Amino acid sequence: MYFSKTVSTLSTDNNVQTSQWDGIINQILISFPSGANNLIGVKVFHNSKQIVPTLNTIALDNTSPVFNVNEPIKMGDSVRVDWENADSTFAHTVDVIANIVEDAKTAPKTAARP
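Residues numbered from 1 in each chain as written. Predicted model: local features only at pLDDT ≥ 70, side-chain atom pairs only at ≥ 80, totals over all residues. Heavy atoms only, no water.

Description of the nonpolar core
Then, number 1: Counting 23 residues, the largest nonpolar core has Ile 28, Ile 30, Val 42, Val 44, Trp 83 and Val 96 as its most contacted members.
Then, number 2: Mapped by element, the contributors of at least two residues to this core are strand E1 (2-7), strand E3 (23-31), strand E4 (40-46), strand E5 (49-52), strand E6 (66-73), strand E7 (78-85) and strand E8 (92-101).
Then, number 3: When residues of this core are assigned to their parent elements, the largest contribution, four residues, is made by E8. (Core = buried A, V, L, I, M, F, W, Y, C linked by side-chain atoms within 4.5 Å. Buried < 20%, exposed > 50% of the residue type's maximum accessible area, 1.4 Å probe, protein only. Helix = DSSP H or I, 4+ residues; strand = E, 2+ residues; numbered from the N terminus.)

Quick look at the structure:
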């Protein structure tokens, strides 16, 4: 799932997407732009559970950290990203990718060929 938002000065915003399949959220990537100066915060939720960071908000500058998570997700579940821009001068755009992989334990089994 890909999320991108340009957040105006001194404002908050969010975006919600619905999972189209069952699986595991195995990684969250957050791309903070140069000049963000730790002023734009991000939170990622699965349904109502905050998964990145697990508490508070993450706010960085000019980096794209990858967070390894192991969060089972079902078709129809929501992933929400909250942004908060504390910068009084500039709007900032932060991209977030939630990578979902198939859960090997619940994936349909294919019949073996004779």
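Notes on the packing of aromatic side chains
Then, number 1: If you walk through the whole model with that rule in mind, you get zero aromatic pairs.
Then, number 2: One residue, Arg 80, lies across the ring of Phe 45, its end atom 4.0 Å from the ring centre. (Phe/Tyr/Trp six-rings, centres within 6.5 Å; stacked < 30°, edge-to-face > 60°. Lys NZ or Arg CZ within 6 Å of the ring centre and 35° of its normal.)

Thoughts on the sheet that holds E1
Then, number 1: In space, the four strands of this open sheet follow the order E1-E8-E3-E6, with antiparallel pairing throughout. Strands at the two margins of the open sheet, each flanked by one partner only, are E1 and E6. Across the sheet, the mean angle separating the axes of adjacent strands is 20 degrees when strand polarity is ignored.
Then, number 2: Pairing of E1 with E8 involves six bridges; the strand directions are antiparallel. Bridging across to E8, Phe 3 finds its partner in Val 96. (Pairing = 2+ DSSP bridges. Axes fitted to C-alpha atoms, helices over the stretch in contact; angles between N-to-C directions.)

What to know about unusual backbone geometry
Then, number 1: The omega angle of the peptide bond from Val 52 to Pro 53 is -25 degrees, so this bond is cis rather than trans.
Then, number 2: Within the secondary structure, Pro 53 sits in the loop between E5 and E6.
Then, number 3: The residue Leu 10 is not glycine, and still its phi comes out positive at about 45 degrees.
Then, number 4: With respect to the helices and strands, the residue Leu 10 is situated in the loop between E1 and strand E2 (11-18).
Then, number 5: The phi angle at Asn 38 is positive, at roughly 60 degrees, despite the residue not being glycine.
Then, number 6: Tracing the backbone through its elements, the reader meets Asn 38 in the loop between E3 and E4.

Structural notes on the sheet that holds E5
Then, number 1: Spatial ordering of the open sheet is given by E2-E7-E4-E5, a layout of four strands whose pairing is antiparallel. With partners counted over all chains shown, the strands left at the sheet margins are E2 and E5, one partner each. Along the sheet, successive strands turn relative to each other by an average axial angle of 30 degrees, direction set aside.
Then, number 2: One ladder, built from eight bridges, connects E2 with E7; its direction is antiparallel.

Brief notes about the environment of Asn 85
Then, number 1: Residue placement: Asn 85 occurs in strand E7.
Then, number 2: Expressed as a C-alpha distance, the spacing of Asn 85 and Ser 31, which sit 54 residues apart in the sequence, is 15 Å.
Then, number 3: Excluding residues that lie within four positions of it along the chain, Asn 85 makes contacts with Val 7, Ser 8, Thr 9, Leu 10, Ser 11, Leu 39, Ile 40, Phe 90, Ala 91 and His 92.
Then, number 4: Within the structure, Asn 85 has its side chain in polar contact with the backbone nitrogen of Asp 87 (distance 2.9 Å). (Contact = heavy atoms within 4.5 Å. Polar contact = N/O pair within 3.5 Å; in protein donor to acceptor, adjacent residues only side chain to side chain.)

Overview of the environment of Phe 45
Then, number 1: Of note, Phe 45 is situated in strand E4.
Then, number 2: Sequence-distant contacts of Phe 45, defined by excluding residues within four places in its chain, comprise Gln 50, Ile 51, Ser 78, Val 79, Arg 80 and Asp 82.

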